[in-house]
Amino acid sequence: MIDLHTHSTASDGQLSPSALVERAASRGVQRLALTDHDTTAGITEARRAAAAYGIELLAGAEISVSWERRTLHVVGLGLDIEQPTLLAGLGRQQAERETRAVSISERLSRIGLEDGLARARSRADGGQITRSHFADLLVADSLARNRQDAFKRYLRPGRPGYRRTVWAGLAEVLDWIHAAGGSAVLAHPFGYGFSGAWRRRMVAAFADAGGDAIEICTGVSSVEQESQSARDARRHTLAGSIGSDFHSPEQFWLDVGRVRALPPNVPPAKHLI
Ligand code: AMP
Ligand code: MN
Ligand code: MN
Ligand code: MN
């Protein structure tokens with residue numbers, strides 16, 4: 001079993017990198033990519049655990065991209081985590097996450113969330129601060145029912161805790177990934193709430209910019225979505241990748257390794273072979 005998209009406490013996942021690897025190994029995953037948001041900080045620990053559990057660990061990251069005033073996620077796989085271009089790029093994204101967290105916290109204080117920045121920082125525990133950390137605080141303070149509700153009421157564009165973020169552009173991010181010897185995968189094409197026309201524009205832009213693969217099967221994709229993504233991939237001569245996007249054992253319907261195999265009519269991404 002292979003899973004090429006997962007999160008740990010280095011960003012908004014609930015398990016430490018070693019606990020994630022342990023869970024993956026016990027569920028029969030043989031090759032795992034750790035792909036935290038805008039960081040490779042969990043890789044060293046995950047590698048050590050993977051060696052102990054006898055599974056293969058791919059160094060990855062899920063990098064936020066600004067495209068047409070929207071945010072996309074590009075997963076880099078098989079990265080040299082010491083490569084200077086990649087390190088500098090991720091450093092910039094991390095600085096942006098810090099200043100964004102300050103503004104999100106200010107905004108949320110107006111709707112009654114107290115001490116948001118310090119508490120989000122403490123929850124992130126040295127890892128990247130994401131909107132998920134603020135969502136959990138809103139739930140803890142009974143300002144939202146669950147993560148989903150917190151995003152819907154406060155954290156999405158147009159809501160009071162939202163702060164527009166300018167991430168790096170598509171060409172730049174593909175450059176970082178390729179400089180580090182990795183391949184670039186457009187994450188969860190159905191995860192952005194785009195219309196079909198926008199989704200196809202996004203895939204075309206990703207292919208034109210030199211992207212390598214699109215994530216066809218995820219922990220939440222339907223068979224119908226997977227065949228549409230397979231068509232998108234073929235149209236733009238992109239390969240196909242798979243990854244659960246696992247964050248937490250509490251999401252029992254979305255576990256590490258729980259992802260369908262690639263449809264047969266798409267060339268597999270390099271790391272699926
Ligand atoms: P950020 O990169 O800080 O903007 O945070 C994005 C993360 O928030 C995503 O990777 C998801 O894990 C999570 N997220 C985004 N939208 C939702 C939602 N509607 N419900 C729950 N989690 C979400
Ligand atoms: Mn996430
Ligand atoms: Mn994502
Ligand atoms: Mn993800």
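Residues numbered from 1 in each chain as written. Chains lettered and ligands numbered in written order. Predicted model: local features only at pLDDT ≥ 70, side-chain atom pairs only at ≥ 80, totals over all residues. Heavy atoms only, no water.

1. Examining the overall build of the protein
Test applied: By definition, any uninterrupted DSSP run of H or I lasting at least four residues is a helix, any uninterrupted run of E lasting at least two residues is a strand, and each is numbered from the N terminus. Atoms counted for the radius of gyration: C-alpha only. Globule rule: 2.2 Å times the number of residues to the power 0.38. Buried means the residue's accessible area, taken with a 1.4 Å probe over protein chains only, is under 20% of the maximum for its type, while exposed means over 50%, and partly exposed covers the values in between. Residues count as neighbours in contact if any of their non-hydrogen atoms are within 4.5 Å of one another. Note that accessible areas follow from Shrake-Rupley with a 1.4 Å probe, and for residues the cover is restricted to the protein chains shown. In this charge count, Lys and Arg are treated as positive and Asp and Glu as negative; neither His nor the chain ends contribute. Working definition for charges: the position is that of NZ of Lys, CZ of Arg, CG of Asp or CD of Glu.
Of regular secondary structure, the protein possesses nine helices and seven strands. Relative to its length of 273 residues, the protein is compact, with a C-alpha radius of gyration of 18 Å against a globular reference of 19 Å. Counting only C-alpha atoms, the protein reaches 50 × 45 × 40 Å along its principal axes. Counting all 273 residues of the protein, 54% fall into the buried class. For the protein, long-range pairs separated by at least 24 residues make up 71% of all intrachain contacts whose partners lie at least 6 apart in sequence. Split by element, the accessible area of the protein, about 11,800 Å² in all, is 49% carbon and sulfur. Separation of charge centres in the protein, based on 33 positive and 31 negative side chains, amounts to 7 Å.

2. Side note on the packing of aromatic side chains
Keep this limit in mind: Aromatic pairing here means that ring centres of Phe, Tyr or Trp (its six-membered ring) are within 6.5 Å. Orientation follows from the plane angle: under 30 degrees is stacked, over 60 is edge-to-face, and everything else is tilted. In this scheme, the term charge over a ring applies when either NZ of a lysine or CZ of an arginine sits within 6 Å of the ring centre and within 35 degrees of the ring normal.
Counted under the stated rule, the structure contains five aromatic pairs. Aromatic pair Tyr192 and Phe194: ring centres 5.5 Å apart, planes at 35°, arrangement tilted. Note on accessibility: Tyr192 and Phe194 belong to one class, buried. On the numbers, 5.2 Å between centres and 90° between planes, the contact of Phe252 with Trp253 is edge-to-face. According to the relative accessible area criterion, Phe252 is exposed, its value standing at 66%. Chaining the aromatic ring pairs together yields one cluster made of Trp67, Tyr192, Phe194 and Trp198. Sitting over the face of the ring of Trp198, Arg70 holds its NZ or CZ atom 3.7 Å from the ring centroid. The ring of Trp198 has Arg201 lying over it, and the distance from NZ or CZ to the ring centre is 4.4 Å.

3. Thoughts on the coordination of the manganese ion (ligand 2)
The line we're drawing: Water is not among the atoms examined, so metal sites may look incomplete; donors are the N, O and S atoms within 2.8 Å of the metal, or within 3.2 Å for Na, K and Ca.
Protein coordination at the manganese ion (ligand 2): the donors are Asp12 (OD), His37 (NE2) and His247 (NE2), at 2.2 Å from the metal. For the manganese ion (ligand 2), the single-chain donor residues occur in sequence as D-x24-H-x209-H. Here the manganese ion (ligand 3) and the manganese ion (ligand 2) are spaced 5.6 Å from one another. Of this pair, His37 sits in the loop between strand S2 (31-34) and helix H2 (43-53) while His247 sits in the segment after strand S7 (239-243); the two residues are 210 residues apart in sequence, bridging distant segments of the chain. By relative accessible area, which is 7% here, His37 ends up buried. Looking at His247, the relative accessible area reads 11%, which means it is buried.

4. Quick look at the site of ligand 1
Counted only if it meets this: Any residue with a non-hydrogen atom lying within 4 Å of a molecule or strand is treated as near it. As used in this structure description, the phrase polar contact means that two N or O atoms lie within 3.5 Å; if the pair is within protein, one of them must be able to donate a hydrogen and the other to accept it, and residues adjacent in sequence are counted only when both atoms belong to side chains. Any residue outside Ala, Val, Leu, Ile, Met, Phe, Trp, Tyr, Cys, Pro, Asp, Glu, Lys and Arg is labelled polar, Gly included; the first ten of those are nonpolar and the last four are charged.
Residues in close proximity to ligand 1 include Asp12, His37, Arg97, Arg100, Thr130, Arg131, Ser132, Gln148, Phe151 and His247, which together make up its full environment. The separation between an oxygen atom of ligand 1 and a polar side-chain atom of Arg100 is 2.3 Å. Note that an oxygen atom of ligand 1 is positioned 3.1 Å from one of the side-chain N or O atoms of His247. When isolated, ligand 1 has an accessible area of 500 Å², and the protein chains bury 78% of it. Elements with a contribution of two residues or more to the shell around ligand 1: helix H3 (84-109), helix H5 (131-140) and helix H6 (147-155). Of the residues assigned to the shell around ligand 1, the class counts are one nonpolar, five polar and four charged.

5. Comments concerning unusual backbone geometry
Notably, Asp125 is not glycine yet its phi reads approximately 50°, a positive angle. With phi around 60°, Ser142 is a residue other than glycine that occupies positive phi space. With respect to the helices and strands, the residue Ser142 is situated in the loop between H5 and H6. The exposure class of Ser142 is exposed, given its relative accessible area of 64%.

6. A look at the packing of helix H8 (residues 196-208) against helix H9 (residues 223-235)
Where we set the bar: Think of each axis as a best-fit line through the C-alpha atoms, taken over the contacting stretch in the case of a helix, with angles from 0 to 180 degrees between the N-to-C directions. Here the word oblique covers every angle except those under 35 degrees (roughly parallel), over 145 (roughly antiparallel) and from 65 to 115 (roughly perpendicular). Should the near helix be turned anticlockwise from the far one by less than a right angle, the crossing is left-handed, and should it be turned clockwise, the crossing is right-handed.
Two elements in contact, H8 and H9, have axes separated by 10 Å at closest approach and are oriented at 40°. When the interaxial angle is binned, H8 and H9 end up oblique. Handedness of the H8/H9 crossing: right-handed. Residues Arg199, Arg200 and Val203 of H8 touch H9, and the partners they reach there are Gln228, Asp232 and Arg235. Among the residues forming the contact of H8 with H9, the class breakdown is one nonpolar, one polar and four charged.

7. Regarding the coordination of the manganese ion (ligand 3)
The coordination sphere of the manganese ion (ligand 3), as far as protein atoms go, consists of Glu62 (OE), His73 (ND1) and His188 (NE2), spread over 2.1 to 2.2 Å. Coordination of the manganese ion (ligand 3) draws on donor residues from a single chain, spaced E-x10-H-x114-H in sequence. Classification of His73 as buried rests on a relative accessible area of 17%.

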